[in-house]
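# Examining the three-dimensional arrangement
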Amino acid sequence: MEIKKTFLLDNIDLVSAFSQEQFFDQLERRFDSTVILRGNSIITVGQKSEVEVIEKIIDQLNYIYIKNGSITDEDLKKLIDFSKKDEDVDTYVNVETKIVYNGYKDSVKVKNKKQEDYLSKVLNNDIVFAIGPAGTGKTFLAVAMALNALKNNEVSRIILTRPAVEAGESLGFLPGDLNEKIDPYLRPLIDALQFMLSPEKLKSLKERNIIEINPLAYMRGRTLSNAFIILDEAQNSTSSQMKMFLTRLGFKSKAIITGDITQIDLPRKAQSGLVEIESILKGIKGIDFIHFDNNDVVRHKLVADIIRAYEKLENNQK
(Lines give C-alpha, C1' and ligand atoms only; values in the text may rest on other atoms or scores of the structure.)
Protein backbone atom coordinates (compact mmCIF):
# COMPACT_ATOMS: atom_id res chain seq x y z
CA MET A 1 0.00 0.00 0.00
CA GLU A 2 1.40 3.38 -1.05
CA ILE A 3 1.20 6.26 1.41
CA LYS A 4 2.33 9.89 1.62
CA LYS A 5 3.94 11.31 4.75
CA THR A 6 5.29 14.76 5.60
CA PHE A 7 8.03 15.38 8.18
CA LEU A 8 8.31 18.93 9.52
CA LEU A 9 11.78 20.33 10.27
CA ASP A 10 11.47 23.28 12.66
CA ASN A 11 15.16 24.21 12.86
CA ILE A 12 16.47 26.28 9.91
CA ASP A 13 20.02 24.88 10.30
CA LEU A 14 18.59 21.38 10.28
CA VAL A 15 16.74 22.12 7.04
CA SER A 16 20.08 23.19 5.55
CA ALA A 17 21.73 19.99 6.73
CA PHE A 18 19.01 17.84 5.17
CA SER A 19 19.18 19.72 1.88
CA GLN A 20 22.58 18.21 1.04
CA GLU A 21 22.40 16.32 -2.28
CA GLN A 22 24.17 13.40 -0.63
CA PHE A 23 21.18 12.86 1.64
CA PHE A 24 18.64 12.47 -1.14
CA ASP A 25 21.00 10.63 -3.50
CA GLN A 26 21.59 7.90 -0.93
CA LEU A 27 17.91 7.63 -0.03
CA GLU A 28 16.90 7.35 -3.68
CA ARG A 29 19.50 4.64 -4.31
CA ARG A 30 18.31 2.67 -1.28
CA PHE A 31 14.52 3.05 -1.62
CA ASP A 32 11.91 3.10 -4.38
CA SER A 33 10.01 5.86 -2.56
CA THR A 34 10.03 9.51 -3.65
CA VAL A 35 11.66 11.88 -1.15
CA ILE A 36 11.37 15.66 -1.63
CA LEU A 37 12.53 18.63 0.48
CA ARG A 38 9.96 21.43 0.27
CA GLY A 39 10.58 24.44 2.51
CA ASN A 40 11.04 23.06 5.99
CA SER A 41 9.31 19.76 5.22
CA ILE A 42 10.43 16.41 3.85
CA ILE A 43 7.68 14.72 1.82
CA THR A 44 7.90 10.97 1.28
CA VAL A 45 5.66 8.94 -1.05
CA GLY A 46 6.01 5.17 -1.29
CA GLN A 47 5.18 1.79 0.16
CA LYS A 48 4.19 1.94 3.83
CA SER A 49 7.08 -0.29 4.98
CA GLU A 50 9.66 1.89 3.18
CA VAL A 51 8.19 5.17 4.38
CA GLU A 52 8.34 3.90 7.97
CA VAL A 53 12.05 3.08 7.61
CA ILE A 54 12.74 6.50 6.04
CA GLU A 55 10.88 8.11 8.95
CA LYS A 56 13.18 6.31 11.41
CA ILE A 57 16.26 7.42 9.47
CA ILE A 58 15.11 11.05 9.52
CA ASP A 59 14.31 10.83 13.25
CA GLN A 60 17.76 9.41 14.00
CA LEU A 61 19.49 12.09 11.89
CA ASN A 62 17.46 14.71 13.73
CA TYR A 63 18.60 13.26 17.07
CA ILE A 64 22.24 13.21 15.92
CA TYR A 65 21.97 16.82 14.75
CA ILE A 66 20.58 17.95 18.11
CA LYS A 67 23.26 16.01 19.99
CA ASN A 68 26.29 16.88 17.83
CA GLY A 69 25.27 20.07 16.03
CA SER A 70 25.91 18.51 12.63
CA ILE A 71 25.14 15.53 10.42
CA THR A 72 28.03 13.84 8.63
CA ASP A 73 27.96 11.77 5.46
CA GLU A 74 29.20 8.90 7.63
CA ASP A 75 26.13 9.15 9.90
CA LEU A 76 23.85 8.88 6.89
CA LYS A 77 25.86 6.06 5.30
CA LYS A 78 25.74 3.98 8.49
CA LEU A 79 22.00 4.46 8.87
CA ILE A 80 21.47 3.45 5.23
CA ASP A 81 23.68 0.39 5.79
CA PHE A 82 21.61 -0.54 8.87
CA SER A 83 18.43 -0.45 6.83
CA LYS A 84 19.99 -2.49 4.00
CA LYS A 85 20.80 -5.27 6.45
CA ASP A 86 17.27 -5.13 7.93
CA GLU A 87 18.67 -3.90 11.23
CA ASP A 88 16.59 -1.54 13.33
CA VAL A 89 17.92 1.95 12.64
CA ASP A 90 16.53 3.03 16.03
CA THR A 91 19.52 1.26 17.59
CA TYR A 92 22.08 3.41 15.75
CA VAL A 93 22.34 6.30 18.22
CA ASN A 94 22.23 3.96 21.22
CA VAL A 95 25.07 1.92 19.75
CA GLU A 96 27.03 5.03 18.80
CA THR A 97 27.12 6.28 22.38
CA LYS A 98 28.04 3.01 24.13
CA ILE A 99 31.44 3.50 25.76
CA VAL A 100 33.78 0.50 25.93
CA TYR A 101 36.64 2.26 27.73
CA ASN A 102 37.36 5.83 28.83
CA GLY A 103 40.77 6.24 27.28
CA TYR A 104 43.60 8.71 27.82
CA LYS A 105 43.01 10.59 24.55
CA ASP A 106 39.30 9.91 24.12
CA SER A 107 36.55 7.47 24.99
CA VAL A 108 36.45 4.29 22.95
CA LYS A 109 32.87 3.82 21.70
CA VAL A 110 31.05 1.14 19.81
CA LYS A 111 30.54 2.45 16.28
CA ASN A 112 27.96 0.10 14.76
CA LYS A 113 25.72 -2.90 15.38
CA LYS A 114 28.44 -5.39 14.42
CA GLN A 115 30.80 -3.92 17.01
CA GLU A 116 28.01 -4.13 19.58
CA ASP A 117 27.61 -7.84 18.73
CA TYR A 118 31.38 -8.23 19.08
CA LEU A 119 31.29 -6.71 22.55
CA SER A 120 28.39 -8.97 23.56
CA LYS A 121 30.14 -12.13 22.34
CA VAL A 122 33.31 -11.27 24.28
CA LEU A 123 31.30 -10.64 27.44
CA ASN A 124 29.52 -13.99 27.12
CA ASN A 125 32.37 -16.26 25.99
CA ASP A 126 35.94 -17.04 27.06
CA ILE A 127 37.31 -17.29 23.50
CA VAL A 128 36.11 -15.13 20.59
CA PHE A 129 37.46 -15.11 17.03
CA ALA A 130 36.98 -11.77 15.23
CA ILE A 131 37.54 -12.23 11.51
CA GLY A 132 37.33 -9.55 8.85
CA PRO A 133 39.09 -6.80 6.88
CA ALA A 134 41.28 -3.99 8.15
CA GLY A 135 39.53 -0.96 9.56
CA THR A 136 36.61 -2.73 11.27
CA GLY A 137 37.94 -2.11 14.79
CA LYS A 138 38.73 -5.75 15.64
CA THR A 139 42.05 -5.08 17.37
CA PHE A 140 41.30 -1.62 18.72
CA LEU A 141 38.12 -2.76 20.46
CA ALA A 142 39.84 -5.90 21.74
CA VAL A 143 42.47 -3.75 23.47
CA ALA A 144 39.75 -1.49 24.91
CA MET A 145 37.85 -4.50 26.26
CA ALA A 146 41.04 -5.89 27.78
CA LEU A 147 41.82 -2.59 29.55
CA ASN A 148 38.26 -2.39 30.82
CA ALA A 149 38.52 -5.91 32.25
CA LEU A 150 41.81 -4.97 33.93
CA LYS A 151 40.30 -1.78 35.38
CA ASN A 152 37.36 -3.76 36.79
CA ASN A 153 39.71 -6.37 38.36
CA GLU A 154 38.26 -9.12 36.18
CA VAL A 155 41.83 -10.07 35.21
CA SER A 156 45.23 -9.27 36.69
CA ARG A 157 47.18 -8.83 33.43
CA ILE A 158 46.89 -8.30 29.68
CA ILE A 159 48.94 -10.26 27.17
CA LEU A 160 49.14 -9.03 23.58
CA THR A 161 50.78 -11.11 20.89
CA ARG A 162 51.19 -11.38 17.13
CA PRO A 163 53.00 -13.77 14.77
CA ALA A 164 56.31 -12.26 13.64
CA VAL A 165 55.47 -12.78 9.98
CA GLU A 166 55.06 -9.94 7.52
CA ALA A 167 55.21 -10.31 3.75
CA GLY A 168 57.85 -13.06 3.89
CA GLU A 169 60.29 -11.24 6.16
CA SER A 170 61.78 -12.73 9.31
CA LEU A 171 63.26 -11.24 12.46
CA GLY A 172 66.77 -12.15 11.40
CA PHE A 173 66.72 -9.73 8.49
CA LEU A 174 65.83 -6.73 10.64
CA PRO A 175 68.48 -4.49 12.24
CA GLY A 176 68.85 -3.86 15.99
CA ASP A 177 68.42 -5.85 19.19
CA LEU A 178 65.45 -8.12 19.88
CA ASN A 179 63.16 -5.32 21.06
CA GLU A 180 63.97 -3.25 17.97
CA LYS A 181 63.39 -6.27 15.73
CA ILE A 182 59.94 -7.11 17.09
CA ASP A 183 58.70 -3.52 17.52
CA PRO A 184 57.42 -3.17 13.88
CA TYR A 185 55.33 -6.34 14.24
CA LEU A 186 53.76 -5.26 17.51
CA ARG A 187 53.35 -1.57 16.65
CA PRO A 188 49.55 -1.67 15.97
CA LEU A 189 48.98 -3.06 19.47
CA ILE A 190 51.27 -0.43 20.98
CA ASP A 191 49.47 2.32 19.03
CA ALA A 192 46.13 1.23 20.51
CA LEU A 193 47.56 1.20 24.03
CA GLN A 194 49.08 4.65 23.56
CA PHE A 195 45.68 6.00 22.54
CA MET A 196 44.02 4.62 25.66
CA LEU A 197 46.73 5.01 28.32
CA SER A 198 48.94 7.91 29.33
CA PRO A 199 52.68 7.36 28.63
CA GLU A 200 53.37 7.12 32.37
CA LYS A 201 50.58 4.60 32.96
CA LEU A 202 51.60 2.43 30.01
CA LYS A 203 55.24 2.44 31.06
CA SER A 204 54.32 1.48 34.63
CA LEU A 205 52.03 -1.38 33.55
CA LYS A 206 54.68 -2.76 31.17
CA GLU A 207 57.48 -2.52 33.74
CA ARG A 208 55.35 -4.48 36.25
CA ASN A 209 54.46 -7.05 33.55
CA ILE A 210 50.78 -6.25 33.98
CA ILE A 211 50.82 -5.62 30.24
CA GLU A 212 52.98 -7.92 28.12
CA ILE A 213 53.55 -7.46 24.39
CA ASN A 214 55.41 -10.36 22.78
CA PRO A 215 55.68 -12.33 19.53
CA LEU A 216 53.54 -15.45 19.34
CA ALA A 217 56.57 -17.76 19.61
CA TYR A 218 57.08 -16.52 23.20
CA MET A 219 53.76 -18.11 24.27
CA ARG A 220 55.05 -21.69 23.96
CA GLY A 221 55.23 -23.60 27.24
CA ARG A 222 53.29 -21.02 29.27
CA THR A 223 49.99 -21.27 31.13
CA LEU A 224 48.18 -17.93 31.02
CA SER A 225 45.85 -17.65 34.01
CA ASN A 226 43.78 -14.69 35.20
CA ALA A 227 44.66 -12.85 31.99
CA PHE A 228 43.04 -11.16 29.01
CA ILE A 229 44.95 -12.41 25.97
CA ILE A 230 44.78 -10.99 22.44
CA LEU A 231 46.26 -12.75 19.43
CA ASP A 232 46.32 -10.23 16.59
CA GLU A 233 46.94 -10.93 12.87
CA ALA A 234 46.11 -14.57 13.55
CA GLN A 235 45.85 -15.35 9.83
CA ASN A 236 49.66 -15.46 9.93
CA SER A 237 49.74 -18.19 12.55
CA THR A 238 50.22 -21.75 11.37
CA SER A 239 47.92 -24.59 12.43
CA SER A 240 50.40 -25.75 15.06
CA GLN A 241 50.88 -22.21 16.38
CA MET A 242 47.12 -21.71 16.68
CA LYS A 243 46.79 -24.96 18.63
CA MET A 244 49.72 -23.95 20.83
CA PHE A 245 48.20 -20.55 21.56
CA LEU A 246 44.70 -21.81 22.36
CA THR A 247 46.01 -24.45 24.76
CA ARG A 248 47.86 -21.76 26.78
CA LEU A 249 44.55 -20.54 28.25
CA GLY A 250 44.46 -20.90 32.03
CA PHE A 251 41.82 -20.42 34.71
CA LYS A 252 39.91 -17.10 34.83
CA SER A 253 41.28 -16.04 31.44
CA LYS A 254 39.69 -14.71 28.29
CA ALA A 255 41.09 -14.62 24.74
CA ILE A 256 40.31 -12.69 21.57
CA ILE A 257 41.83 -13.85 18.29
CA THR A 258 41.66 -11.36 15.42
CA GLY A 259 42.64 -11.66 11.79
CA ASP A 260 41.86 -11.16 8.12
CA ILE A 261 41.95 -14.37 6.08
CA THR A 262 42.36 -12.37 2.85
CA GLN A 263 45.73 -11.02 4.05
CA ILE A 264 47.82 -14.15 4.73
CA ASP A 265 51.61 -13.65 4.56
CA LEU A 266 52.65 -17.23 5.36
CA PRO A 267 54.69 -19.26 2.85
CA ARG A 268 52.42 -20.93 0.28
CA LYS A 269 52.77 -24.44 1.71
CA ALA A 270 51.88 -23.32 5.26
CA GLN A 271 48.24 -23.65 6.34
CA SER A 272 46.83 -20.65 8.21
CA GLY A 273 45.53 -21.67 11.60
CA LEU A 274 42.76 -19.07 11.36
CA VAL A 275 41.36 -20.40 8.09
CA GLU A 276 40.59 -23.86 9.45
CA ILE A 277 39.76 -23.00 13.05
CA GLU A 278 36.00 -22.42 12.71
CA SER A 279 35.42 -25.89 11.27
CA ILE A 280 37.41 -27.37 14.17
CA LEU A 281 35.91 -25.44 17.10
CA LYS A 282 32.43 -24.47 15.93
CA GLY A 283 29.76 -25.56 18.40
CA ILE A 284 31.98 -25.68 21.47
CA LYS A 285 30.32 -23.84 24.36
CA GLY A 286 32.31 -20.80 25.50
CA ILE A 287 33.84 -20.23 22.04
CA ASP A 288 32.23 -17.92 19.49
CA PHE A 289 32.99 -16.30 16.14
CA ILE A 290 32.11 -12.93 14.65
CA HIS A 291 32.68 -12.03 11.00
CA PHE A 292 33.14 -8.44 9.82
CA ASP A 293 32.90 -7.28 6.21
CA ASN A 294 33.57 -4.09 4.26
CA ASN A 295 30.23 -2.62 5.42
CA ASP A 296 31.63 -2.60 8.96
CA VAL A 297 34.73 -0.51 8.19
CA VAL A 298 35.03 2.49 10.53
CA ARG A 299 38.14 4.14 9.07
CA HIS A 300 38.15 6.69 6.23
CA LYS A 301 35.14 6.04 3.99
CA LEU A 302 37.49 5.20 1.07
CA VAL A 303 38.86 2.17 2.95
CA ALA A 304 35.60 0.26 2.43
CA ASP A 305 35.62 1.20 -1.27
CA ILE A 306 39.23 0.00 -1.60
CA ILE A 307 38.37 -3.33 0.04
CA ARG A 308 35.40 -3.79 -2.31
CA ALA A 309 37.62 -3.03 -5.34
CA TYR A 310 40.14 -5.69 -4.32
CA GLU A 311 37.36 -8.20 -3.64
CA LYS A 312 35.98 -7.56 -7.12
CA LEU A 313 39.43 -8.09 -8.66
CA GLU A 314 39.97 -11.34 -6.73
CA ASN A 315 36.53 -12.64 -7.71
CA ASN A 316 37.22 -11.88 -11.38
CA GLN A 317 40.51 -13.79 -11.21
CA LYS A 318 38.88 -16.96 -9.85
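Just so it is clear, the model here is predicted, and its values are computed rather than measured.

## Regarding the sheet that holds strand 10 (residues 254-259)
- Strands sit in the order 8-7-9-10-6-11 across an open sheet of six strands; the sheet is parallel. In this open sheet, the two strands that pair with only one neighbour each are strand 8 (211-215) and strand 11 (287-291). Each strand of the sheet is rotated relative to its neighbour by a mean of 15 degrees, with strand direction disregarded.
- Looking at chain direction, strand 6 (residues 127-131) and strand 11 are connected through five bridges and run parallel. Residue I127 lies in a different strand from strand 11, and its bridge partner there is I287.
- Along the sheet, helix 6 (residues 113-124) makes contact with strand 6, strand 9 (227-231), strand 10 and strand 11, crossing strand 11 at roughly 170 degrees.

## Some thoughts on unusual backbone geometry
- Of note, N209 is a non-glycine position whose phi angle comes to about 60 degrees, a positive value.
- By the element assignment, N209 lies in the loop between helix 9 (199-207) and strand 8.
- Backbone geometry places K252, a non-glycine residue, at a positive phi of 55 degrees.
- For K252, the position within the fold is in the loop between helix 10 (239-246) and strand 10.

## Focus on the nonpolar core
- With 38 residues, the main nonpolar core has Y118, M145, L147, L193, I211 and F228 as its most contacted residues.
- Apart from residues lying up to four places away in sequence, F228 is in contact with V122, A142, M145, A146, A149, V155, R157, I158, I159, K254 and I256.
- If you look at the next biggest cluster of nonpolar residues, it comprises 22 residues, including I127, I229, L246 and F289.

Parameters and conventions
Residues numbered from 1 in each chain as written. Predicted model: local features only at pLDDT ≥ 70, side-chain atom pairs only at ≥ 80, totals over all residues. Heavy atoms only, no water. Pairing = 2+ DSSP bridges. Helix = DSSP H or I, 4+ residues; strand = E, 2+ residues; numbered from the N terminus. Axes fitted to C-alpha atoms, helices over the stretch in contact; angles between N-to-C directions. Contact = heavy atoms within 4.5 Å. Core = buried A, V, L, I, M, F, W, Y, C linked by side-chain atoms within 4.5 Å. Buried < 20%, exposed > 50% of the residue type's maximum accessible area, 1.4 Å probe, protein only.

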